[in-house]
Amino acid sequence: MNEHAPLTAGEAVAPAIPGAQAIVAAPATRRGLSPLNRRRLANFRRNRLGFWSFVIFLGLFVLSLFAEFIANDKPIIASYKGEILFPVVIDYPDEKFGGFLARTDYRSAETRREIAENGWAIWPPIPYSYDTILTGLPTPSPSPPTWMLTDEQCRPVAERTGGTGCKDIEWHWLGTDNTTRDVLARIIYGFRISVLFGLILALVSSVIGVVAGAVQGYFGGWVDLAFQRFIEVWSGIPTLYLIIIISAFIAPGFFVLLGILLLFSWVALVGVVRAEFLRARNFEYVRAARALGLSNLRIMAVHLLPNAMVATLTFLPFILNGSITTLTSLDFLGFGLPPGSPSLGELLAQGKDNIQAPWLGLTGFAVVATMLSLLIFAGEAVRDAFDPRKTFS
């Protein structure tokens, strides 16, 4: 019995029959995305507005994850008496720098002088955190952006450090709010907490909604009927009134709000997933899977769920958009995050209450509008990428 070595890609085999064409071994299949998903990715990239909106949004979100290294009232790294310190990560007692306070105030003149005389410090680009209370502003709070001020307005503050004008004082590019906190620092932290809240709410509610819709659509009958009546009653409960009632007993925090909104947001995807399972549960390949003895769970997870995930991924950016809008609205009404938390909705509320400080409202509106617009454009690109008419054209 003759043994033949395996063919390599592109290698020709001599024909056994005279006059026949040589057989060329096909190249090995490249692992990775399937041809269908590669076409979807190509369609997504072809939508330039949606693709670049996704890239910009993702870049801004990644930057906001390192907010402590961008906007903080603590040095990123410092050298003090030969010891390397990381104040942005580790809280050092004030007694380490010759003080007596429980929490080190790195912005105080004494601490700055002590560090400068015994070492050095590298500060973030924005030397304020979202809760830093600023003193020595050139104008009463809310103070306008420094680039809007004149040297006459800045001179009293600049003269304390030997300066003469606005270029010699600490700059606040977007001004301060009504409690002397830097607006730009609060926007960076507020953007991060809004996106994280929206992502967690959208992902968890989508998982619950997909499971509920899959059970309804696959089993049908009384299971579907009972679930539908429950969802109709459950979705009729006024969420805002419930949050107002709960906030009267406990302080609404990040996870409290997340839990309350999660109780009602999961119904958004139930109808879409239910329709997909109702449509596909009687297909021939599903019947064949039942005939082969596969369990219901395996049929739902392996054979039906991938089809339903197309609709889920299409709706996910819009669900994220709605989750961020919900948190912003609650913060604007005063039923959101605790007072003092970095919030875009709270910044909009300050703009409403301080008409004489238009930079507050305009800044909050610009950030929220830009963030939601980027998500909408990215969502439309995802929808087009999964559109069968474009995928198979």
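Bear in mind that the values here come from a model prediction, so they are computed numbers and not experimental data.

Peer 1: Explain the overall build of the protein chain residue by residue, including any values.
Peer 2: When helices and strands are counted, the protein chain shows 15 helices and five strands. For 393 residues, the compact-globule estimate of 2.2 N^0.38 gives 21 Å, and the C-alpha radius of gyration of the protein chain, at 30 Å, exceeds that figure by more than 25%. Projected onto its principal axes, the C-alpha positions of the protein chain cover 95 × 65 × 40 Å. Relative to its 393 residues, the protein chain shows a buried fraction of 39%. If you sum the accessible surface of the protein chain, you get close to 22100 Å²; carbon and sulfur atoms cover 66% of it. Put simply, the protein chain has 32 plus and 30 minus side-chain charges, and the middle of one group is 13 Å from the middle of the other.

Peer 1: Tell me about the packing of helix α11 (residues 284–291) against helix α12 (residues 296–333), and name the residues and values.
Peer 2: Where α11 contacts α12, the two axes come as close as 11 Å, and the packing angle between them is 175°. Put simply, α11 runs roughly antiparallel to α12. Residues Tyr285, Val286, Ala289 and Arg290 of α11 pack against Ile299, His303, Leu304 and Asn307 of α12. The class makeup of the residues in the contact of α11 with α12 is five nonpolar, two polar and one charged.

Peer 1: Describe in detail unusual backbone geometry, supporting the description with residues and values.
Peer 2: Ser141 connects to Pro142 through a cis peptide bond whose omega is 0°. Assignment of secondary structure puts Pro142 in the loop between β5 (119–122) and α5 (151–158).

Peer 1: Give me the packing of helix α6 (residues 183–219) against helix α13 (residues 344–353): which residues, what numbers.
Peer 2: Running from amino to carboxyl end, α6 crosses α13 at an angle of 135°, the nearest separation of the two axes being 8 Å. As the angle between them shows, α6 and α13 are arranged oblique. Contacts between α6 and α13 involve Val183, Arg186, Ile187, Gly190, Phe191 and Ser194 from the first element and Leu344, Glu346 and Leu347 from the second.

Peer 1: Just give me the short version of empty space enclosed by the protein, but keep the residues and values in it.
Peer 2: Under the criterion given, the structure shown has one cavity of 30 Å³ or more. Computed from the structure, the largest cavity encloses a volume of approximately 40 Å³. Leu137, Pro138, Ser143, Pro144, Thr146, Leu149, Ile169, Glu170, His172, Gly175 and Thr176 are the residues that line the largest cavity. Taken together, the residues that form the lining of the largest cavity break down as five nonpolar, five polar and one charged.

Peer 1: I'd like a rundown of the domain arrangement of the protein chain, residues and numbers included.
Peer 2: Entries for the protein chain in the domain assignment read domain 1 (73–123), domain 2 (135–171) and domain 3 (182–390). Inter-centroid distance (C-alpha atoms) of domain 1 to domain 2 is 26 Å.

Peer 1: I'd like a rundown of the packing of aromatic side chains, residues and numbers included.
Peer 2: Applying the stated criterion across every chain yields a total of 14 aromatic pairs. With centroids separated by 5.9 Å and ring planes inclined at 80°, the aromatic side chains of Phe44 and Phe51 adopt a geometry described as edge-to-face. What makes Phe51 buried here is its relative accessible area of 18%. When the ring of Phe230 is compared with that of Trp234, the centres are 5.7 Å apart and the planes differ by 20°; the resulting orientation is stacked. Residue Phe230 and its partner Trp234 are located together in helix α7 (residues 221–234), separated by four residues, close to a single helical turn. Through a chain of ring-to-ring contacts, three or more aromatic side chains come together here, namely Phe44, Phe51, Trp52 and Phe54. In this structure, Arg112 is placed above the aromatic ring of Trp123, and the distance from its NZ or CZ to the ring centre is 4.5 Å.

Peer 1: Could you give an account of the sheet that holds β5, naming the residues involved and the relevant values?
Peer 2: Pairing within the open sheet is antiparallel, and its three strands lie in the order β4-β3-β5. This sheet does not close on itself; its edge strands, each paired only once, are β4 (83–85) and β5. Each adjacent strand pair in this sheet contributes to an overall mean axis angle of 15°, direction not counted. Where strand β3 (residues 77–80) lies against β5, four bridges are found, and the strand directions are antiparallel. Following the sheet pairing, Ser79 is matched in β5 by Trp120. The strands that helix α4 (residues 109–118) touches are β3 and β5; relative to β5, the one it contacts most, it runs at about 120°.

Peer 1: Any chance you could break down the UniProt feature "transmembrane region" (unreviewed entry) in the protein chain for me, citing the residues and the numbers?
Peer 2: Cross-referencing UniProt, the feature "transmembrane region" (unreviewed entry) maps to residues 49–71, 195–219, 239–272, 297–320 and 359–382 in the present numbering. Between the end C-alpha atoms of residues 297–320 there is a gap of 28 Å, over a span that is 100% helix and 0% strand.

Peer 1: Describe in detail the nonpolar core, supporting the description with residues and values.
Peer 2: Considering soluble globular proteins, one finds that nonpolar side chains tend to be buried as a cluster. Counting residues in each nonpolar core, the largest one holds 34 residues, and the members touching the most others are Phe57, Val195, Phe277, Leu304, Ile324 and Met371. If you list the elements that add at least two residues to this core, you get α2 (48–65), α6, α10 (270–280), α11, α12, α13 and α14 (358–385). Non-local contacts of Met371, meaning those with residues more than four positions away in its chain, are made with Phe57, Phe191, Val195, Ile324 and Leu344. Residues Ile243, Ile260, Leu327 and Leu337 belong to the second largest nonpolar core, which totals twelve residues.

Rules and cut-offs
- Residues numbered from 1 in each chain as written.
- Predicted model: local features only at pLDDT ≥ 70, side-chain atom pairs only at ≥ 80, totals over all residues.
- Heavy atoms only, no water.
- Helix = DSSP H or I, 4+ residues; strand = E, 2+ residues; numbered from the N terminus.
- Rg over C-alpha atoms; globule rule 2.2 N^0.38 Å.
- Buried < 20%, exposed > 50% of the residue type's maximum accessible area, 1.4 Å probe, protein only.
- Areas by Shrake-Rupley, 256 points an atom, 1.4 Å probe, with all protein chains shown as cover.
- Lys, Arg positive; Asp, Glu negative; His and termini not counted.
- Charge placed at Lys NZ, Arg CZ, Asp CG, Glu CD.
- Axes fitted to C-alpha atoms, helices over the stretch in contact; angles between N-to-C directions.
- Parallel < 35°, antiparallel > 145°, perpendicular 65-115°, else oblique.
- Contact = heavy atoms within 4.5 Å.
- Nonpolar A, V, L, I, M, F, W, Y, C, P; charged D, E, K, R; others polar.
- 1 Å grid on protein atoms, 1.4 Å probe; cavity = no way out; pocket = protein on both sides within 12 Å on 5 of 7 lines; lining within 4 Å.
- Points joined across faces, edges and corners; volume = space filled by probe spheres on them.
- Domains from an automatic or database assignment.
- Phe/Tyr/Trp six-rings, centres within 6.5 Å; stacked < 30°, edge-to-face > 60°.
- Lys NZ or Arg CZ within 6 Å of the ring centre and 35° of its normal.
- Pairing = 2+ DSSP bridges.
- UniProt positions renumbered as here; feature names shortened; annotations may be inferred.
- Core = buried A, V, L, I, M, F, W, Y, C linked by side-chain atoms within 4.5 Å.

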